[in-house]
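Reading the structure
Listed here are the chains, written in short residue letters.
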Amino acid sequence: GAVVSQHPSWVICKSGTSVKIECRSLDFQATTMFWYRQFPKQSLMLMATSNEGSKATYEQGVEKDKFLINHASLTLSTLTVTSAHPEDSSFYICSARPPLATPYNEQFFGPGTRLTVL
Amino acid sequence: ELKVEQNPLFLSMQEGKNYTIYCNYSTTSDRLYWYRQDPGKSLESLFVLLSNGAVKQEGRLMASLDTKARLSTLHITAAVHDLSATYFCAVDRYASGNTPLVFGKGTRLSVIA
């Protein structure tokens, strides 16, 4: 199946610093990627939809100035957590679908990035 | 608002026993996804159910979809320890297009000897 990668897989940073997380589709082009956040022992919640060449669409309650999304190419979306605080500590997972129609219309998930803010 | 409800949220099973996880959803979607998540890991796709009456099986897991009842089940047969994980069901948020998923809260399964 299609492969989505994320980098880094984990990151520890100090409060107030910014952290960039990359999401890449390795063997297909993705005009749209999705960013989810998962707090410990909870489900995945959609944060934003990343659109290549245009602004991201953020879910209600997600601060667009804090979580900057850039989808500069058809294979790369980045999520930058600005001025990170301990409450931003979470597991961030991106996903994408290959553009060609398939019977399963399946979404492929990256391996996730665990962010810990001290 | 689209809702996806799973039950139970926690399940402790003895090895060798059978059990079913239920997933109810509020959309009219005819497509439903099941995922497995191990601690500290991302999601592993288990099943994609495409239409009413769809049934898929892989090893000790069998998933089914009833779109009229808006219900999917994940049945576990003769559980083994390796099945211990969190299981999520999810549906497409929108009926068409490149849509994100809406997830249930997950069922944390623990298989004990």
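Quick caveat, the model's predicted, so the values are computed rather than measured.

As a further point, take the sheet that holds strand β6 (residues 55-58) of chain B. Residues and elements named next belong to chain B. Across the sheet, which stays open at both edges, the 5 strands sit in the order β1-β3-β8-β7-β6 with antiparallel pairing between neighbours. Each edge of the open sheet carries a strand with a single partner, namely β1 (4-7) and β6. Going from strand to strand, the sheet's axes swing by 15° on average, the running direction of each strand aside. With 6 bridges joining them, strand β7 (residues 61-66) and strand β8 (residues 71-76) adopt antiparallel strand pairing. Bridging across to β8, Ser-64 finds its partner in Thr-73.

Looking now at the environment of Val-48 of chain B. Tracing the backbone through its elements, the reader meets Val-48 of chain B in strand β5 (residues 43-49). Along the chain, Val-48 of chain B and Ala-90 of chain B lie 42 residues apart, while their C-alpha atoms are 9.7 Å from each other.

Summed over the entire model, instances satisfying the criterion amount to 8 aromatic pairs over all chains. Taken together, a centroid distance of 5.3 Å and an interplanar angle of 80° make the contact between Phe-109 of chain A and Tyr-35 of chain B edge-to-face. Here Tyr-35 of chain B lies in strand β4 (residues 32-37) and Phe-109 of chain A lies in strand β10 (residues 108-109), a pairing that spans two chains. A relative accessible area of 13% places Phe-109 of chain A in the buried class. Look at Phe-109 of chain A and Phe-103 of chain B: their rings are 6.0 Å apart centre to centre, the planes differ by 65°, and that puts the pair in the edge-to-face class. One end of the pair, Phe-109 of chain A, is in strand β10; the other, Phe-103 of chain B, is in strand β10 (residues 101-103), on a second chain. Here Phe-109 of chain A and Phe-103 of chain B have matching classes, each one buried. Among the aromatic residues, those joined into a ring-pair cluster are Tyr-36 and Phe-109 of chain A together with Tyr-33, Tyr-35, Phe-88 and Phe-103 of chain B. Between Lys-66 of chain A and the ring centre of Phe-67 of chain A, over which it is positioned, the NZ or CZ distance is 6.0 Å.

Once that is clear, we can look at the interface of chain B and chain A. Counting residues at the interface gives 23 residues for chain B, matched by 23 residues for chain A. With both sides pooled, the region where chain B packs onto chain A buries about 1800 Å², and carbon together with sulfur makes up 49% of that total. Here chain B is connected to chain A by 2 salt bridges. The shortest N-O distance in the salt bridge between Glu-59 of chain A and Arg-93 of chain B comes to 2.8 Å. Across the chain B-chain A interface, the total number found is 10 residue pairs in polar contact (both at pLDDT 80 or more). A per-class count over the side of chain B that touches chain A returns 9 nonpolar, 7 polar and 7 charged.

On to the pairing of strand β11 (residues 107-112) of chain B. Residues and elements named next belong to chain B. Of the two faces of β11, only the one carrying Thr-107, Leu-109 and Val-111 is buried; Arg-108, Ser-110 and Ile-112 on the other face are not. In this sheet, β11 lies alongside strand β2 (residues 10-14) in parallel orientation, the contact comprising 5 bridges. Counted as the bridge partner of Phe-10 is Arg-108 from β11. Of the strand pairs in this sheet, strand β9 (residues 85-92) and β11 are connected by 3 bridges, and their pairing is antiparallel. Bridge pairing in β11 places Ala-85 opposite Leu-109.

Moving on, we come to unusual backbone geometry. Note the cis peptide between His-7 of chain A and Pro-8 of chain A, where omega equals 0°. Relative to the helices and strands, Pro-8 of chain A is located in the loop between β1 (4-7) and β2 (10-13). Cis geometry is adopted by the peptide bond preceding Pro-8 of chain B, which originates at Asn-7 of chain B and carries an omega value of 0°. Mapped onto the elements of the fold, Pro-8 of chain B is located in the loop between β1 and β2.

The rules behind each value
- Residues numbered from 1 in each chain as written.
- Chains lettered and ligands numbered in written order.
- Predicted model: local features only at pLDDT ≥ 70, side-chain atom pairs only at ≥ 80, totals over all residues.
- Heavy atoms only, no water.
- Pairing = 2+ DSSP bridges.
- Helix = DSSP H or I, 4+ residues; strand = E, 2+ residues; numbered from the N terminus.
- Axes fitted to C-alpha atoms, helices over the stretch in contact; angles between N-to-C directions.
- Phe/Tyr/Trp six-rings, centres within 6.5 Å; stacked < 30°, edge-to-face > 60°.
- Buried < 20%, exposed > 50% of the residue type's maximum accessible area, 1.4 Å probe, protein only.
- Lys NZ or Arg CZ within 6 Å of the ring centre and 35° of its normal.
- Contact = heavy atoms within 4.5 Å.
- Buried area = accessible area lost by both parts, 1.4 Å probe.
- Salt bridge = Lys/Arg side-chain N within 4 Å of Asp/Glu carboxyl O.
- Polar contact = N/O pair within 3.5 Å; in protein donor to acceptor, adjacent residues only side chain to side chain.
- Nonpolar A, V, L, I, M, F, W, Y, C, P; charged D, E, K, R; others polar.

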